[in-house]
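# Architecture and fold: a report
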Amino acid sequence: MKKRALTWLGGAAIAFAPAVSSAHSFELFPDLSEMSAESSLASSPDPREVHIKSISYAGTGCPAGTVANVLSDDAKAFTLLFDSYVAEGGPGIPLSAGRKNCQIAVDMKFPQGWSFTIFQVDYRGYANVDFGAVGTQKTSYYFAGQPKTASMQSNFRGPYTNDYRIRDSLGLAATVWSPCGVNRALNLNTQVRVITSGRQQALMTLDSVDGQLTHQYGLQWQRCR
Amino acid sequence: MATMSVIRMLQLTLFLGLSAQADRPKPGEVRLNKISYAGSGCPLGSVVDIISDDENTFTLLFDQYTVEAGPNVEVKRAKKECRIIADLRIPPGWSYTVAQVDFRGFANIEKGAVGEQRSNLYFKDRGPVLKSEFTGPFVNDYMVRNSVGKEDHPWQNCKKPLPLTIDTAIIVRSGGKSRALLTVDSTDGRLKQHYRLRFRRCGKQEE
């Protein structure tokens, strides 16, 4: 399957590859794990620190062609902007309109050795919830292939009509001895949903997601073999 | 009313140590070659597939893997399926099996309605179908791990390697005025090389 690519050219320029139909992902080139630590490129990701290699996303709230995305030069922050991430409920509205999700897979490069990373994610949107109805913004976090799932949820009990901003802070402790520099995608399954009954109406949107990594330097280092 | 502003915190631990077991391929030798998929729940352009750098895990994310039932909802929207085919590259002389695939999604099943998530992992002959049922009233996210028991491991044939097939489906049924919604948001598979993909040598006891 073809993917939209955000190409990284020596830390100097960013260019979009020609648009492709089923586009949900952007990636950095070249493989940063092979860069020398003495690289002189000022704005390039430091391979000794945790950084984002690529981001992919899909879901009922972010179907192909409805998302704009930006990855920062230092590969430690990203922004997704949504065109149609809206959940609504009310008389005559099907259940499927009442819950939208967008799962974001953040492929991170962890340096070898002990490291601790703060991953901060901001969710911005709008809620318009009638008295008696409930709107919810929730994100489930897990590493690819692992059953352990951590969730954070905020409920909006009507009457409520306003913008919202929710900040999630995750502490990621990585213990990696071999092979040197292991990747494992962190999955963020984001969703907004509404529960209504009778004549109640509710609307929840998610307009943007901003993620940022902050690396805490490792205490131990082990030579790669 | 003031803008709602909320800060939530949690901690996740990533543990990626590799155990050093003998009698199995060296790390990095068994790899995921390619993931293919087809079905009403995963039409072309509605899926993103991610294979980890070490080619030991894969994730599929779905735009449209959603079923729904209720008054004024077309009957054909009550069932969808997606067949996933994982093409693995393995060193000669080894066979393998997969014991674990995770499904994550959401269910909103009203009283009187039922939802069901099914999957079936196999190489050639279909194994047992693993089913999870949601009986209304039920509103929540779900995570289902479909493991194949030790006795049921579909060992890949040594002489004629076949890709792993994962058949998945979701179905909802409702009666009267009740409504139901069931989604699959993602599917994660993991290989035993580190974790759940099991190896044995091709020996003389096999044909």
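With that out of the way, let us pick up the environment of R184 of chain A. Tracing the sequence through the fold places R184 of chain A in strand β13 (residues 183-195). Sequence-wise, R184 of chain A and F110 of chain A are 74 residues apart; in three dimensions their C-alpha atoms are separated by 8.2 Å.

Another aspect to go through is the state of the cysteines. Going through the model one piece at a time under the given rule, you end up with two disulfides over all chains. Covalent S-S linkage joins C62 of chain A and C102 of chain A, the inter-sulfur distance amounting to 2.1 Å. The chirality of the disulfide connecting C62 of chain A with C102 of chain A is right-handed, given an S-S dihedral of about 95 degrees. Pair noted here: C62 of chain A is in the loop between β4 (51-58) and β5 (67-71) and C102 of chain A is in strand β8 (residues 99-109), with a separation of 40 residues, a long-range link. What pairs with C42 of chain B in a disulfide is C82 of chain B, and their sulfur atoms sit 2.1 Å apart. The sign of the 100 degrees torsion about the S-S bond sets the C42 of chain B-C82 of chain B disulfide as right-handed. One end of the pair, C42 of chain B, is in the loop between β2 (31-38) and β3 (47-51); the other, C82 of chain B, is in strand β6 (residues 79-89), and 40 residues separate them in sequence. Each member of the pair C42 of chain B and C82 of chain B is classed as buried.

Let us now look at the confidence of the model for chain A. Residue and element names in this part refer to chain A. On average, chain A scores 76 in pLDDT, and the residues at 70 or more come to 68%. Averaged pLDDT values over the elements of chain A bottom out at 27 in strand β1 (residues 6-9) and peak at 98 in strand β7 (residues 86-89). Low pLDDT (under 50) marks residues 1-42, which in the prediction has 96 contacts with non-local residues, meaning those over four places away or in another chain. Below a pLDDT of 50 lies the segment residues 176-180, which in the model reaches 13 contacts outside its immediate sequence neighbourhood of four places, other chains included.

Glancing now at the pairing of strand β4 (residues 57-62) of chain B. Residue and element names in this part refer to chain B. Buried residues dominate β4, accounting for six of its six residues. Here β4 shows two buried faces, one formed by T57, T59 and L61 and the other by F58, L60 and F62. As judged from the five bridges shared by β3 and β4, these two strands associate in the antiparallel manner. By the bridge assignment for β4, V47 is matched with F62. A loop of five residues connects β3 with β4, the two strands running antiparallel in sequence, and E55 in this loop sits at a positive phi of about 55 degrees.

Moving on: the pattern of salt bridges. According to the stated counting rule, one finds 15 salt bridges over all chains in the structure shown. Across the pair D188 of chain B and R104 of chain B runs a salt bridge whose closest N-O atoms are separated by 3.7 Å. In this pair, D188 of chain B sits in strand β13 (residues 180-190) while R104 of chain B sits in strand β8 (residues 100-109), placing the two residues 84 residues apart along the sequence. Here D188 of chain B and R104 of chain B have matching classes, each one buried. A network of salt bridges, in which partner residues are shared, links R99, K138 and R193 of chain A together with D141 and D185 of chain B.

Criteria and thresholds
The numbering scheme is per chain: residues are counted from 1 as the chain's sequence reads. As a convention, the first chain written is A and the first ligand written is 1, with the rest following in written order. Whole-chain, interface and lining totals are the exception, using all residues; otherwise, since this is a predicted model, local features are given only for residues with pLDDT of at least 70 and side-chain atom pairs are given and counted only at 80 or more. As a rule here, side-chain values cover all heavy atoms of the structure and leave hydrogens and water aside. Strands are runs of DSSP state E lasting at least two residues, helices are runs of H or I lasting at least four, and both sets are numbered from the N terminus onward. Cysteine sulfur atoms are paired as a disulfide whenever they come within 2.5 Å of each other. The buried label goes to any residue with under 20% of its type's maximum accessible area, the exposed label to any with over 50%, and the partly exposed label to all in between, with areas taken from a 1.4 Å probe on protein chains only. The pLDDT value expresses, per residue, how confident the predictor is, ranging between 0 and 100. Here, residues are in contact when the closest pair of their heavy atoms is within 4.5 Å. The rule for pairing is simple: two strands pair if DSSP sees at least two bridges between them. A pair is scored as a salt bridge if a Lys or Arg side-chain nitrogen falls within 4 Å of a carboxyl oxygen belonging to Asp or Glu.

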